[in-house]
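Take a look at the letters that make up each chain.
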Amino acid sequence: ISIIDNIFINKSASRGGGLFNSSGRMYVTGNTFNGNTGESASGISLEFAVAFILNNTFSNNVGYNVIYCEADSQIISNNTISNNIGSGIVCSKDCKTTISDNAITNNTGPALVISSNFYSGAIVYIYRNFLSQNSYIKGAGIYFSNGGNHTVSNNIICNNKADSLGGAIFCNNS
């Protein structure tokens with residue numbers, strides 16, 4: 001399914017305040033997500049889904065995170081994720097995800113959370129992103145947890161604030 005040039009305003013759901021996709025292929029580009037709420041994702045929740053999330057704007061959303069990816073493959077590129085309550089992008093379990101060329105700023109959670117299962121096949125490539133002015137207890141820029149095979153390259157990670165550990169990057173059991 002292709003979802004192109006839409007506006008999602010003030011939507012609410014327990015998973016995927018704007019969009020939810022399970023076990024399918026999704027192409028999402030040129031959309032605006034504003035003022036949405038969701039426990040597991042205020043913008044987009046992907047579970048076992050192949051997805052291309054390109055050139056979207058996410059702002060003023062409320063939830064644990066804005067984009068949630070669980071397993072399968074995603075490309076998340078050229079998005080603006082700003083002024084949200086919660087983390088920017090969360091990749092969980094066996095994600096094979098590329099996160100590139102995004103501006104993730106001024107969120108009240110880590111810009112990126114990469115939480116893999118131990119001994120999983122998770123592979124996340126993180127490059128050419130601008131991660132700034134995010135705040136959290138630990139890992140306000142990038143929060144890694146529980147292993148995986150990840151690459152972080154050519155990002156600007158600045159002015160993030162952690163209350164205790166890893167203002168830029170925090171690694172736990174990684």
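Up top is the structure these notes are about.
Since the model is a prediction, treat every value here as computed from it, not as a measurement. As a convention, each chain's residues are numbered from 1 in the sequence order in which they are written. With the structure being a predicted model, the display of local features is reserved for residues of pLDDT at least 70 and the display and counting of side-chain atom pairs for 80 or more, all residues being used for whole-chain, interface and lining totals. With hydrogens and water excluded, all non-hydrogen atoms of the structure serve as input to the side-chain values.

1. Let's talk about the overall build of the chain
Each helix is a run of DSSP H or I of at least 4 residues and each strand a run of E of at least 2, with the numbering of both proceeding from the N terminus. Across its full length, the chain holds zero helices and 25 strands. Computed over the C-alpha atoms, the radius of gyration of the chain is 14 Å, within 12% of the 16 Å expected from 2.2 N^0.38 for a compact globule of 174 residues. Here the C-alpha coordinates of the chain stretch approximately 35 × 30 × 30 Å along the principal axes. A burial count over the chain gives 52% of its 174 residues as buried. In what follows, a contact means two residues having at least one pair of non-hydrogen atoms within 4.5 Å. Contacts spanning at least 24 positions in sequence make up 64% of the contacts within the chain whose residues lie at least 6 apart. Per-residue accessibility takes into account occlusion by the displayed protein chains alone, with areas from the Shrake-Rupley method and a 1.4 Å probe. When the accessible surface of the chain is split by element, carbon and sulfur atoms take 50% of a total near 7,500 Å². Charged-residue counts in this description rest on Lys and Arg as positive and Asp and Glu as negative, His and the chain ends being excluded. We put the charge of a Lys on NZ, of an Arg on CZ, of an Asp on CG and of a Glu on CD. Of the side-chain charges in the chain, 8 are positive and 8 negative, and the distance between the mean point of each set is 2 Å. It is over C-alpha atoms that the radius of gyration is taken, and the globule rule equals 2.2 Å times the number of residues to the power 0.38. Relative accessibility under 20% of the residue-type maximum defines a buried residue, over 50% an exposed one, and the middle range a partly exposed one, all with a 1.4 Å probe and only protein chains included.

2. What about the pairing of strand β12 (residues 73–77)?
Two strands pair if DSSP finds at least two bridges between them. Across four bridges, the pairing between strand β9 (residues 50–54) and β12 is parallel. Directly across from Ile53, in β12, lies its bridge partner Ile76. Of the pairings in the sheet, the one linking β12 to strand β15 (residues 96–100) comprises five bridges and is parallel in character. Residue pairing for β15: Ser73 is matched across the bridge by Lys96.

3. Examining the pairing of strand β17 (residues 112–115)
Every other side chain in a regular strand lies on the same face of the sheet, so the side chains alternate between the two faces. Note that strand β14 (residues 85–92) and β17 share four bridges and pair parallel. Among the inter-strand pairings, Ser92 is bridged to a residue of β17, identified as Ser115. As defined by bridge partners, β17 adjoins strand β21 (residues 142–145) across four bridges and the pair is classed as parallel. Along β21, the bridge assignment pairs Ile114 with Phe144.

4. Focus: the environment of Gly18
In this fold, Gly18 is placed in the loop between β3 (12–13) and β4 (19–22). Under the relative-accessibility criterion, Gly18 is labelled buried at 18%. It is 4.7 Å that separates the C-alpha atoms of Gly18 and Gly43, two residues lying 25 residues apart in sequence. Setting aside its immediate chain neighbours within four residues, Gly18 contacts Phe8, Phe33, Asn36, Ser42 and Gly43.

5. A look at the nonpolar core
It is characteristic of soluble globular proteins that their nonpolar side chains tend to be buried jointly. Ranked by size, the top nonpolar core spans 30 residues in total, and within it Ile53, Ile67, Ile89 and Leu112 carry the most contacts. Apart from the residues within four sequence positions on either side, Ile53 is in contact with Val28, Ile44, Leu46, Phe58, Ile67, Ile75, Ile76, Ser77 and Asn79. Ala41, Tyr68, Tyr143 and Phe170 belong to the second largest nonpolar core, which has six residues in total. Joining through side-chain atoms within 4.5 Å is the link that ties buried Ala, Val, Leu, Ile, Met, Phe, Trp, Tyr and Cys residues into a set, and such a set is a nonpolar core.

6. Here's the deal with the environment of Gly30
You can see Gly30 is positioned in the loop between β5 (25–29) and β6 (32–34). In this structure the C-alpha to C-alpha distance between Gly30 and Asn60, which are 30 residues apart in sequence, comes to 17 Å. Gly30 has contacts with Asp5, Asn6, Leu54, Asn55 and Asn56, leaving out every residue within four places of it along the chain.

7. Let's talk about the sheet that holds β15
If you walk across this open sheet you meet the seven strands as β1-β5-β9-β12-β15-β18-β22, and the pairing is parallel. Lying at the two open borders of the sheet, with one neighbouring strand each, are β1 (2–4) and β22 (149–153). Across this sheet, the average inter-strand angle for adjacent strands is 5 degrees, counted without regard to direction. Note on geometry: axes are lines fitted to C-alpha atoms, helical ones only across the stretch in contact, with angles between N-to-C directions running from 0 to 180 degrees.

In short, shape yes, function no, at least from these values alone.
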